[in-house]
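Here is how the chains run, residue by residue.
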Amino acid sequence: MSLPAEFHDIAKRVNNWGRWGAEDEIGTLNLITDDVVRAAAATVRTGRRVPLALPLQEDGVQTGLIPGRVNPLHTMVQINQELFGPGTVATSDDAVTMGLQAATHWDALTHVSHSGRIYNGRPADSITPHTRARYSGIDKARHVVSRGVLLDVARACGVDRLAADHAVTPEDLEAAEELARTTVRAGDIVLVRTGQIQTCLAGDKHAYGYPSPGLSIRTPEWFHARDVAAVANDTLTFEIFPPEIENLWLPVHALDLVEMGMLQGQNWNLEELSTACAQEERYAFLLSAMPEPFVGGTGTPVAPVAVL
């Protein structure tokens, strides 16, 4: 089934192909300039640090719904082994097999394609088993540090957690922006809280994934107009699931990653940050969210930290 005209109309309005040149591979991360980072550092007042990552564990958020996206399989390969002879210093080593998007993660710009293309008009078949993502792999996103802004949509709506059928709209984002008493600006990393991760933290992984609130197909235009550098939220699917438009699967992924060239993150735990921001009555902070630089990766685990 071909993508509908509504999708293509939005795609034209948010398209960033060529904006930073034909060779560009990082998209909206170009908006995080030195001046943006200096301004982000100036938001730090108390030094309060809030971790935003889920633990990497075998009993993780994945249920087997997505083939190959396995929770971390953590094994010990050495335990107190005296490598250099009896009585020498002993070492312990471990190894992990996991899906790079298994837990808290960034999607690289190559995570999805549509109409045979990835970001900046490159061919989708440039992703192969041997070269992986030849262009715009997650290793190209070398520094993801900027001002973070929490748009606490759930709190702005007066609830702990949005209903499963709630599609987060631009109007919701603006209500959360008003709650935050700040304006999202160019180069910001926006974190959208729905409260959905509470179901995961309570142990119901299936309810966490489906059905789920998430971003509406209308939100990419809002992020594009604000020149947002990256967006993450506290859901498994990022966008509302099942989709708003019947049989139009992952349209927000395609608009954000392919058309706009904007990193998006999922499974971020924003609960402690929501509490901290409400207590301190400010919703902007320094955010460090450095990707693990897997060469050619279409995604990566991340352990973000907000510094207030």
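Residues numbered from 1 in each chain as written. Predicted model: local features only at pLDDT ≥ 70, side-chain atom pairs only at ≥ 80, totals over all residues. Heavy atoms only, no water.

Looking now at the packing of aromatic side chains. Applying the stated criterion to the full structure yields four aromatic pairs. One aromatic cluster is present, formed by Y210, F241 and W249 through successive ring pairs. (Phe/Tyr/Trp six-rings, centres within 6.5 Å; stacked < 30°, edge-to-face > 60°.)

Counting buried residues along strand β7 (residues 145-152), seven of its eight residues qualify, which places the element largely inside the surrounding structure. Of the pairings in the sheet, the one linking β7 to strand β9 (residues 189-193) comprises five bridges and is parallel in character. Looking across to β9, one finds that L150 is bridged to L191. (Buried < 20%, exposed > 50% of the residue type's maximum accessible area, 1.4 Å probe, protein only. Helix = DSSP H or I, 4+ residues; strand = E, 2+ residues; numbered from the N terminus. Pairing = 2+ DSSP bridges.)

Attention now goes to the sheet that holds strand β12 (residues 263-266). One open sheet accounts for nine strands, arranged β1-β15-β13-β7-β9-β11-β12-β4-β14; its pairing is mixed. What marks the edges here is a single partner per strand, and that holds for β1 (49-51) and β14 (299-301). On average, adjacent strands in this sheet sit at an angle of 25° to one another, irrespective of strand direction. In the packing of helix α2 (residues 34-41) onto the sheet, contacts are made with β7 and β13 (284-288), and the angle to β7 comes to roughly 60°. (Axes fitted to C-alpha atoms, helices over the stretch in contact; angles between N-to-C directions. Contact = heavy atoms within 4.5 Å.)

All we've got here are geometric facts, nothing functional implied.
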